[in-house]
Structure formats: structure tokens, C-alpha cells
Amino acid sequence: RLLRASPRDLVFSPNATYGLNVALHAATSILSSRLAATAPTSSSGNGCVFMLDVGYGSVKKMAALAAERMGARLVIHPVRFPLADAADVVSQVAAALPAHTSLAIFDHVTSNTALVLPVTELVALARARGALVVVDGAHGMQSLDVDVGIIGADWYVTNCHKWLCSTKGVALMHAREG
């Protein structure tokens, strides 16, 4: 109920880092298969992996590894502050997101700054460009009203110990069907 998701689309994970590694591994496997099937006619190389500089440090390392696995370019876009509203983030991403983005990674709530990103809009923007999308929602569940169906990411990963007061070692990963 907290994620408004079907139980069949959820799996437990020891923590968000583990879940994000699984999601990024799945994404790169899917994308590598797609790229292999279209490589002879592709004019954009192996695409890029895109994320914002306000993302969690270990996720930046995972993104670099994902890009390397795919032979893609890693683009870490710096968010320009101050921000007047959520639309500022969306317009910055719209201007910076390469047309050939294969994979986009967004935080729901940034760890270091507690910035709540407009993930529904960011996911829609990235998916419109053909990207698979992973949302690091480690701080999302229970601190925000989360509806993974509306967000529309391919994977949404969240911790349970942050706001549910569970023991450490419990996280959830939602995988979008299709």
C-alpha cells in the first residue's frame, strides 16, 4: 500500500544499494541486448547513462560501471542553484538530457541536500527519449506520498529502515511490468 504497487512487482533487498545494483545490472543487460541487436544501424553509439550531480556517491560509481559495461558515455549533469521550483529541475534536465540516453538515474529525495526531485516529470522526460529509468528512492517511502505506477520508472528502490523504523537490512525494489 505504501508504494501503491502490486506485491508481484516488488522484491525485498538487503538495502537500497544492493537493490540499485540489481536494477542497474538488469538495465545494462537489457540495454546491451538491445544495442547488440541494433548496433549495425545505430548512429548514436552505445548511448549514454545520465544522472544528476546531486545523486548519491555510490550510485555515481554504479552509474560509471553501468556505462562502462555498455560501452556508453556517462553524463553527470550539475544542477544549477538556486532553484525557484521543481520546474527549474525539469527544464535543466530537458536541456541537458542527450537524445540518445539509454539509461537515466534520478534520486527521489537527495541524500546530501534533501532536495525532493520531481521524479514523475523526470521519468516521463527520460522515457520519452527512449531511456530506461531507475529511481533511487532510498529516502522516498513514507517521507513522501509514493505511487510507483504514477512515477513510471522501470525500477524504484527504497529503504524500509529510514521512515518505517524497520531494522537495517530491509529494502524494497519495484520493477515495472513490461
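Residues numbered from 1 in each chain as written. Predicted model: local features only at pLDDT ≥ 70, side-chain atom pairs only at ≥ 80, totals over all residues. Heavy atoms only, no water.

K.L.:
Would you mind going over the pairing of strand β7 (residues 171-175) with me for this structure?
P.N.:
Put simply, side chains in a regular strand alternate between the two faces of the sheet. Burial analysis of β7 places 4 of its 5 residues in the buried class, which makes it a mostly covered element. For strand β1 (residues 10-13) and β7, the ladder comprises 4 bridges, and the chain directions are antiparallel. Of the residues in β7, the one forming a bridge with leucine 10 is histidine 174. (Buried < 20%, exposed > 50% of the residue type's maximum accessible area, 1.4 Å probe, protein only. Helix = DSSP H or I, 4+ residues; strand = E, 2+ residues; numbered from the N terminus. Pairing = 2+ DSSP bridges.)

K.L.:
I tried to follow the pattern of salt bridges on my own but got confused; where do I start?
P.N.:
When their charged atoms lie close together, side chains carrying opposite charge are able to pair. Within this structure, the stated rule accounts for 3 salt bridges. Where arginine 127 meets aspartate 154, a salt bridge forms, and the shortest distance between an N and an O atom there is 2.9 Å. Remark: aspartate 154 occurs in the loop between α5 (148-151) and β6 (155-159) and arginine 127 occurs in helix α4 (residues 119-128); sequence separation between them is 27 residues. What makes arginine 127 partly exposed here is its relative accessible area of 30%. The class of aspartate 154 is buried, set by a relative accessible area of 6%. Between aspartate 154 and arginine 176 there is a salt bridge whose closest N-O contact spans 2.8 Å. Highlighted residues: aspartate 154 in the loop between α5 and β6 and arginine 176 in the segment after β7, separated in sequence by 22 residues. Connected via shared salt-bridge partners are Arg127, Asp154 and Arg176. (Salt bridge = Lys/Arg side-chain N within 4 Å of Asp/Glu carboxyl O.)

K.L.:
When you look at the sheet that holds strand β4 (residues 101-107) in this model, what are you seeing that I'm missing?
P.N.:
In a beta sheet, neighbouring strands pair by backbone hydrogen bonds and run either parallel or antiparallel. Spatially, the 7 strands line up as an open sheet ordered β1-β7-β6-β5-β4-β2-β3, and their pairing is mixed. Two strands in the sheet have a free side with no partner beyond their single neighbour: β1 and β3 (73-77). Each strand axis lies, on average, 15 degrees off the axis of its neighbour in the sheet, ignoring direction. Where strand β2 (residues 48-52) and β3 come together, 5 bridges link them in parallel fashion. If you follow phenylalanine 50 over to β3, its bridge partner there is valine 75. (Axes fitted to C-alpha atoms, helices over the stretch in contact; angles between N-to-C directions.)

K.L.:
Sorry, what's going on with unusual backbone geometry here?
P.N.:
Glycine aside, negative phi is the norm for most residues, and most peptide bonds take the trans geometry. Cis rather than trans, the peptide bond between phenylalanine 81 and proline 82 has omega equal to 5 degrees. Along the chain, proline 82 turns up in the loop between β3 and α3 (86-96). Despite not being glycine, alanine 114 has its phi angle at roughly 60 degrees, a positive value. The class of alanine 114 is exposed, set by a relative accessible area of 52%.

K.L.:
Whenever I open this one, the pairing of β6 confuses me. Can you help?
P.N.:
Across the 5 residues of β6, 5 count as buried, placing the element largely inside the fold. Here strand β5 (residues 132-136) pairs with β6 via 3 bridges, running parallel. Each residue of the ladder has a partner; that of aspartate 136, found in β6, is valine 157. Relative to β7, β6 runs antiparallel, the two being bridged by 5 bridges. For valine 157, the partnering residue across the bridge sits in β7 and is methionine 173.

K.L.:
Which parts of the structure should I look at to understand the environment of glutamine 92?
P.N.:
Residue position: glutamine 92 is located in helix α3. Taking the C-alpha atoms as reference points, glutamine 92 and valine 79, separated by 13 residues in sequence, lie 7.3 Å from one another. Leaving out residues up to four positions away in the same chain, glutamine 92 has contacts with His77, Pro78, Val79, Arg80 and Leu83. (Contact = heavy atoms within 4.5 Å.)

K.L.:
Sorry, what's going on with the nonpolar core here?
P.N.:
Core analysis: the largest hydrophobic core is formed by 30 residues, its most contacted members being Leu52, Val93, Phe106, Val133, Val135 and Ile151. Listed by contribution, the elements that provide at least two residues to this core are β2, α3, β4, α4, β5 and α5. Setting aside residues up to four positions removed in sequence, valine 135 forms contacts with Leu20, Phe106, His108, Val119, Val123, Ile151, Ala153, Trp155, Tyr156 and Val157. Formed by 23 residues, the second largest nonpolar core is a distinct cluster that contains Leu20, Met51, Leu132 and Val134. (Core = buried A, V, L, I, M, F, W, Y, C linked by side-chain atoms within 4.5 Å.)

From the geometry alone we can't say anything about function, so treat these as descriptive.
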